[in-house]
Amino acid sequence: MGMSYNCTITDAPDYDPTTDAESLYNAMKGIGSDKEAILDLVTSRSNTQRQEVIAAYKCSFGKDLIEDLKYELTGKFERLIVSLMRTSAYHDAKEIHDAVKGVGTNERCLIEIMASRNNRQMNEMVAAYKDAYGIDIEEDITTDTSGHFKKMLVVLLQRSIQSTDLYAAGEEQWGTDEAKFIMILGNRSVTHLCMVFDAFEKIAEMSIEDSIKHELSGDFERLMLAVVQCIRSVPMFFAKRLYKSMKGLGTADNSLIRIMISRSEIDMLDIRECFRLLYEKSLYNMIKDDTSGDYKRTLLNLCGGDDDLAGEFFPEAAQIAYKMWEISAMTKVQLRPTIRPAPSVDPAADAQALRKAMKGFGTDEDAIIDIVAQRSNAQRQEIRQAFKSLLGRDLMKDLKSELSKNLERLVIGLMLNPAEFDAKMMRKAIEGAGTDEHALIEILVTRSNEEILAMNAAYKDAYKKSLEEAIHSDTSGLFCRILVSLVQGAREEGPADEERAIADAQELAEACNADSDDMEMKFMSVLCTRSFPHLRKVFQEFVRYSNKDIEQIIKKEMSGDVKNAFYAIVRSVKNQPSYFADRLYKAMKGLGTDDRALIRIMVSRSEVDLFNIRKEFKETHDVSLHEFIQGETSGDYRKTLLMLCGGED
């Protein structure tokens, strides 16, 4: 896809390097420096002009501007300004040098630069490296890396020097899957590779990205994914990197600085577009919320405007959105649980062991957790039966009297059957002080018809009134109608109907021009009734008719609970494990942990798709779900959650 290059930093029209040099000199003179003057000047000149200012500064004052800036400024702000003063080739060379020569190798930086630079940029960087460090970049990289990761880095370096078919000759020696990927991705044109990806997807019924995730691991996997993402869309690749740099635990300032600088004169506007397509916030607002002071001001200057105020997509972003839905429609996701039935267990023995753990003084929490967290739900139901028939006691009552707080909630949640648990969670969301709308939405949007009908029955059984009545008494307006529609458990099932999908998409696109009530009604009539596979197709065609992404429309045109409900449906249709990963992140990221949400998701997904959710969590936030739970919870509660979570990724 040819990107029209859209940058935020361009040549200043009427500027004089000597005057600039003087302004900078004066800004640094005396006690303390005028940081605002410095940052405003530097960010309103192009890199070429900054080089002329450095020369003029030396000429006028006989001093090195970069050294003076280093002396006057500190911290992240200093790093940012000084990096802006370097040529891009030299900046890349320095980043690579620091990445391989620092304490431990910074693979993330290597991957980002090596995967995203075009041939011209690569060649200039190779030359700058030699010039600055007197050694070949390849030598430094190969000394410091190993295995397939090293091989692929070398291939990427070579790719810029010659684009011939490097591997045709050596194909026989390359037996492994790794080699196959290196061979395909290491050369050939972007257009050719995009066609290869499309062909691959039709045969494999999964995207090339998913295939890489299945077959490879570690830094090599991350490098290959980066290469694929850059072939699909460089701005999209950087949008994701920027998000991760601000979204993980703390801000990865090095990445943030590197990307904002290196893309400001290339494709920052495209990156902003992609960012807006992927995330709930504009890049501008994300930087604004995540950084501070002069550092923030400089970054915002490099970013340019705020896209939360903008309307339609650039054509490129619309094409990318279209492609995203297409891949989502084609991919067959293998859902994987983290909890499976334990082999050869005896419910009677488990029941006795649980009784023993609760008898007498003190409770043996470890014994309880080890049994409960390592059985499937069906096995836990057998234990409940055995407990009653053998001991004449109610296991739930005993557990409630022995455990407390979050651990109690979690263990009880695991012991209930899925329908009882969902009913209880709905009850809690409705009954408490203030309704938990997010919980209502999450449960009703993500459960199958069968699960919803079972939940309705369990609710009626436990609380003597219907769930629908409860929703009516507690919510109102269109939001209430959306929930009532979903609680019927009558969503269509089955594949997409092409013609009808096109008609649905056109109607939704037309509804966007109607007044908001009509628009919301139309959205409800489609989003709450059609099957997920059908909606994927609808949302894909919607981009074609409106030049907007359905998520953008929902965020822009709607508000409150109605917006959240529609947004949850779209996110679930696009990628349900990713939607849950996002809910988990929000549950732990705010002030204090939303334990109810954490318990609800960990319990209800552990036997469905928690493994997929973990993978999505890691991919979006660059930190594993395991680490996050470890940091946000404690004691036996934490121990149990981590058992449900499974691996550390």
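The structure displayed is predicted, hence computed values, not measured ones. (Residues numbered from 1 in each chain as written. Predicted model: local features only at pLDDT ≥ 70, side-chain atom pairs only at ≥ 80, totals over all residues. Heavy atoms only, no water.)

**Details of the overall build of the protein**
Reasoning step 1: Of regular secondary structure, the protein possesses 39 helices and zero strands.
Reasoning step 2: For 649 residues, the compact-globule formula gives about 26 Å, and the C-alpha radius of gyration of the protein, at 28 Å, lands near that figure.
Reasoning step 3: Its C-alpha atoms give the protein principal-axis dimensions of about 95 × 65 × 60 Å.
Reasoning step 4: Buried positions account for 51% of the 649 residues belonging to the protein.
Reasoning step 5: Accessible area of the protein: about 28300 Å², with a carbon and sulfur share of 49%.
Reasoning step 6: Distance between charge centres in the protein, computed from 85 positive and 107 negative side chains, equals 4 Å. (Helix = DSSP H or I, 4+ residues; strand = E, 2+ residues; numbered from the N terminus. Rg over C-alpha atoms; globule rule 2.2 N^0.38 Å. Buried < 20%, exposed > 50% of the residue type's maximum accessible area, 1.4 Å probe, protein only. Areas by Shrake-Rupley, 256 points an atom, 1.4 Å probe, with all protein chains shown as cover. Lys, Arg positive; Asp, Glu negative; His and termini not counted. Charge placed at Lys NZ, Arg CZ, Asp CG, Glu CD.)

**Let's talk about the packing of aromatic side chains**
Reasoning step 1: Inspection of the entire model under this criterion finds 15 aromatic pairs.
Reasoning step 2: Measuring from centroid to centroid gives 5.4 Å for Phe617 and Phe628, while their planes differ by 75°, and the two rings are edge-to-face. Remark: Phe628 occurs in helix H38 (residues 625–632) and Phe617 occurs in helix H37 (residues 610–621); sequence separation between them is eleven residues.
Reasoning step 3: For Phe617, a relative accessible area of 0% puts it in the buried group. (Phe/Tyr/Trp six-rings, centres within 6.5 Å; stacked < 30°, edge-to-face > 60°.)

**Overview of the environment of Asn118**
Reasoning step 1: Here Asn118 is to be found in the loop between helix H7 (107–116) and helix H8 (119–133).
Reasoning step 2: Put simply, Asn118 and Arg159 are 41 residues apart on the chain and 9.5 Å apart in space, counted from C-alpha to C-alpha.

**Considering the packing of helix H17 (residues 268–278) against helix H20 (residues 315–330)**
To describe two helices that pack against each other, one gives the angle between their axes and the distance between the axes.
Reasoning step 1: Two numbers describe how H17 lies on H20: the axes approach to 10 Å, and their chain directions differ by 40°. Relative to H20, the crossing made by H17 is right-handed. Between H17, through Asp270, Glu273, Cys274, Leu277 and Leu278, and H20, the contact on the second element is made entirely by Glu316, Ala317, Ile320, Ala321 and Met324.
Reasoning step 2: Class assignment of the residues belonging to the contact of H17 with H20 gives a composition of seven nonpolar, no polar and three charged. (Axes fitted to C-alpha atoms, helices over the stretch in contact; angles between N-to-C directions. Left-handed = near helix turned anticlockwise from the far one by under 90°. Contact = heavy atoms within 4.5 Å. Nonpolar A, V, L, I, M, F, W, Y, C, P; charged D, E, K, R; others polar.)

**So, helix H32 (residues 516–527)**
Reasoning step 1: Look at H32: 16 Å from first C-alpha to last across twelve residues, which is about the 16 Å you get at 1.5 Å a residue.
Reasoning step 2: Where H32 is buried, its residues touch helix H30 (477–487), helix H31 (498–511), helix H33 (532–546), helix H34 (550–557) and helix H35 (560–589). (Expected span 1.5 Å × (residues − 1).)

**Details of the side chain of Thr446**
Reasoning step 1: Structurally, Thr446 is set in helix H27 (residues 437–446).
Reasoning step 2: Of the polar contacts made by the side chain of Thr446, one reaches the backbone oxygen of Glu442; its length is 2.6 Å.
Reasoning step 3: In contact with Thr446, other than residues within four places in its own chain, are Glu451, Ser572, Gln576, Tyr579, Phe580 and Arg605. (Polar contact = N/O pair within 3.5 Å; in protein donor to acceptor, adjacent residues only side chain to side chain.)

**Regarding the packing of helix H21 (residues 347–358) against helix H23 (residues 377–391)**
Reasoning step 1: The contact between H21 and H23 brings their axes to 8 Å, and the two run at 70°. As far as their axial angle goes, H23 and H21 are roughly perpendicular. Each of Pro347, Ala348, Asp350, Ala351, Gln352, Leu354, Arg355 and Met358 in H21 lies in contact with H23, whose residues at this interface are Glu382, Ile383, Ala386, Phe387, Leu390 and Leu391.
Reasoning step 2: Residues of the contact of H21 with H23, tallied by class, amount to ten nonpolar, one polar and three charged. (Parallel < 35°, antiparallel > 145°, perpendicular 65-115°, else oblique.)

**So, the pattern of salt bridges**
Reasoning step 1: Within the structure shown, the criterion is met by 39 salt bridges.
Reasoning step 2: Between Lys639 and Asp366 there is a salt bridge, with the nearest N and O atoms lying 2.9 Å from each other. Highlighted residues: Lys639 in helix H39 (residues 635–645) and Asp366 in helix H22 (residues 365–372), separated in sequence by 273 residues.
Reasoning step 3: We classify Lys639 as partly exposed; its relative accessible area is 31%.
Reasoning step 4: When the shortest N-O distance is used, the salt bridge between Arg384 and Glu420 registers 3.0 Å. Taken together, the residues span a long stretch of sequence, with Arg384 in helix H23 and Glu420 in helix H26 (residues 418–431) at a distance of 36 residues.
Reasoning step 5: A residue is classified by how much of its surface remains accessible, and Glu420, at 27% relative accessible area, is partly exposed.
Reasoning step 6: What emerges from the salt-bridge pattern is a single network uniting Glu36, Asp40 and Arg297. (Salt bridge = Lys/Arg side-chain N within 4 Å of Asp/Glu carboxyl O.)

**Quick word on the confidence of the model for the protein**
Reasoning step 1: Confidence in the prediction for the protein averages 89 pLDDT; 95% of positions are at 70 or higher.
Reasoning step 2: Mean pLDDT in the protein bottoms out at helix H11 (residues 177–185), which sits at 75, and peaks at helix H28 (residues 449–463), which reaches 97.
Reasoning step 3: With pLDDT under 50 throughout, residues 162–175 is counted as low confidence; its partners more than four residues away or in other chains account for 14 contacts. (pLDDT = per-residue confidence, 0-100.)

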